[in-house]
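The chain contents come next:
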Amino acid sequence: MRTLVVDHPLVAHKLTVLRDKNTPSPVFRQLAEELVTLLAYEATREVRTEPVTIETPVTTTVGTAFTKPTPLVVPILRAGLGMLEGMVKLVPTAEVGFLGMARDEETLDIVTYAERLPEDLTGRQVFVLDPMLATGGTLSEAVKFLFRRGASDVTCICLLAAPEGLARLEKGLGEANVKIVLASIDERLNEKAYIVPGLGDAGDRLYGLAK
Ligand SMILES: O=P(O)(O)OC[C@H]1O[C@H](OP(=O)(O)OP(=O)(O)O)[C@H](O)[C@@H]1O
Ligand SMILES: O=c1cc[nH]c(=O)[nH]1
Ligand SMILES: [Mg+2]
């Protein structure tokens, strides 16, 4: 597993506004989308490409095209949905699959309540979107799910991670071909397993209260 924190003033500034508890949902949604586009620029650095011959108005030249099958983008519902537009803006030919997962806030167990993905992900580059990597329970379940379908190259784009969650993923995924691209590694988890300083419950801040 590899981890990359995107260190850029635009990312840091947008993240600061996102963290602010006074930032309302419409602005939060807009910023989450913009942040993903900035992170996706780095996260797609190793996207598979091949040479393609085209005609410019002047001459013939060799350019770059995505290799088929095209990348698969998988937002983890709910909060990952807030990152989807920012990602597909940058990779418009990507296909999109969905995983619905929620952590029980008491037990921290992960419930997978929805799934719409290709049956066979062999040879597919997969980009998972989830803003929060807290205990790492959700993301490790998601990555294991994708591996069971045959994926072998998974990049997770998150906004924030706790060191505890990253350590859990590292332990569980070790040598696997998984990359985590982030805007920040925060200080720690609190007693309710929320990221500190964090930004609160990402799903609630995007879409309102779940209950
Ligand atoms: O690393 P973990 O401890 O598993 O926590 C992170 C998960 O918690 C949040 O989702 P939540 O379960 O709140 O669902 P939601 O997106 O519907 O709000 C978040 O979007 C992650 O998926
Ligand atoms: O801080 C946290 C932890 C888990 N899920 C969130 O949305 N926020
Ligand atoms: Mg939530």
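Just so we're clear, the structure is a prediction, and the values are computed from it rather than from any experiment.

> Can you lay out the UniProt feature "binding site: uracil" (unreviewed entry) in the protein chain for me, pointing to particular residues and giving the numbers?
What UniProt calls "binding site: uracil" (unreviewed entry) maps, in this numbering, to Ile195, Gly200, Asp201 and Ala202. With respect to the helices, strands and loops of the structure, isoleucine 195 is situated in strand β15 (residues 195-196). Every residue in contact with isoleucine 195, bar those within four places of it in the chain, is listed here: Met132, Leu133, Ala134, Leu160, Ala161, Ala162, Asp186, Arg188 and Leu189. By the element assignment, glycine 200 lies in the loop between β15 and α6 (202-207). Aside from chain neighbours lying at most four places away, what touches glycine 200 is Met132 and Tyr194.

> Residues and numbers for the environment of phenylalanine 28, please.
Here phenylalanine 28 shows up in helix α2 (residues 25-43). It is 9.7 Å that separates the C-alpha atoms of phenylalanine 28 and leucine 15, two residues lying 13 residues apart in sequence.

> Break down the packing of helix α4 (residues 137-148) against helix α5 (residues 163-173) for me, with residues and values.
Two numbers describe how α4 lies on α5: the axes approach to 9 Å, and their chain directions differ by 25°. Judged by the inter-axis angle, α4 sits roughly parallel to α5. Viewed along their axes, α4 and α5 form a crossing whose handedness is right-handed. For the pair formed by α4 and α5, the contact residues are Gly137, Leu139, Ser140, Val143 and Phe147 on the first element and Arg168, Leu169 and Leu173 on the second. For the contact of α4 with α5, the residue count by class is five nonpolar, two polar and one charged.

> An account of the site of ligand 1 is requested, with residue identities and associated values reported.
Of all residues adjacent to ligand 1, which total 18 residues, the nearest are Arg103, Asp130, Thr135, Gly136 and Thr138. Taking aspartate 130, its side chain carries an N or O atom lying 2.5 Å from an oxygen atom of ligand 1. When the free accessible area of ligand 1 is taken as 500 Å², the share hidden by the protein chains comes to 93%. If you list the elements that add at least two residues to the shell around ligand 1, you get β6 (98-103), β9 (132-133) and α4. The element that contributes the greatest number of residues to the shell around ligand 1 is β6, accounting for three residues.

> So, helix α1 (residues 9-19): which residues are in play, and what are the values?
Regarding α1, the residues found buried are Val11, Lys14, Leu15 and Leu18. An end-on view of α1 places all buried positions within 100° of arc, on one side of the element. Opposite the buried face of α1, at more than 90 degrees from it, the exposed residues are Pro9, His13 and Thr16. Contacts from the buried residues of α1 go to α2, β11 (160-161), β13 (184-185) and α6.

> Break down the side chain of arginine 149 for me, with residues and values.
Looking at the secondary structure, you find arginine 149 in the loop between α4 and β10 (153-157). Under the relative-accessibility criterion, arginine 149 is labelled buried at 15%. Here proline 118 takes part through its backbone oxygen, which lies 3.2 Å from a polar atom of the side chain of arginine 149.

> I'd like a rundown of the site of ligand 2, residues and numbers included.
Looking at ligand 2, the residues that line it are Arg103, Met132, Ala134, Ala193, Tyr194, Ile195, Gly200, Asp201 and Ala202. Between a nitrogen atom of ligand 2 and a main-chain N or O atom of glycine 200, the distance comes to 2.8 Å. Interatomic distance of 2.8 Å between a backbone N/O atom of alanine 202 and an oxygen atom of ligand 2. For the shell around ligand 2, the class distribution of residues is six nonpolar, one polar and two charged.

> Kindly report on the pairing of β10, identifying the contributing residues and their values.
The two faces of the sheet receive side chains in turn, since in a regular strand these alternate between them. The buried count for β10 comes to five of five residues, which makes it a mostly enclosed element. Because side chains alternate across β10, one face comprises the buried residues Asp153, Thr155 and Ile157, and the other comprises Val154 and Cys156, equally buried. Where strand β8 (residues 125-129) and β10 come together, five bridges link them in parallel fashion. Residue pairing across strands places valine 128 opposite cysteine 156, the latter belonging to β10. Bridge count between β10 and strand β12 (residues 178-182): four bridges; the pairing is parallel. Bridge pairing in β12 links threonine 155 to lysine 179.

Reading the values: rules and limits
Residues numbered from 1 in each chain as written. Chains lettered and ligands numbered in written order. Predicted model: local features only at pLDDT ≥ 70, side-chain atom pairs only at ≥ 80, totals over all residues. Heavy atoms only, no water. UniProt positions renumbered as here; feature names shortened; annotations may be inferred. Helix = DSSP H or I, 4+ residues; strand = E, 2+ residues; numbered from the N terminus. Contact = heavy atoms within 4.5 Å. Axes fitted to C-alpha atoms, helices over the stretch in contact; angles between N-to-C directions. Parallel < 35°, antiparallel > 145°, perpendicular 65-115°, else oblique. Left-handed = near helix turned anticlockwise from the far one by under 90°. Nonpolar A, V, L, I, M, F, W, Y, C, P; charged D, E, K, R; others polar. Near = heavy atom within 4 Å. Polar contact = N/O pair within 3.5 Å; in protein donor to acceptor, adjacent residues only side chain to side chain. Areas by Shrake-Rupley, 256 points an atom, 1.4 Å probe, with all protein chains shown as cover. Buried < 20%, exposed > 50% of the residue type's maximum accessible area, 1.4 Å probe, protein only. Arc of directions from axis to C-beta. Pairing = 2+ DSSP bridges.

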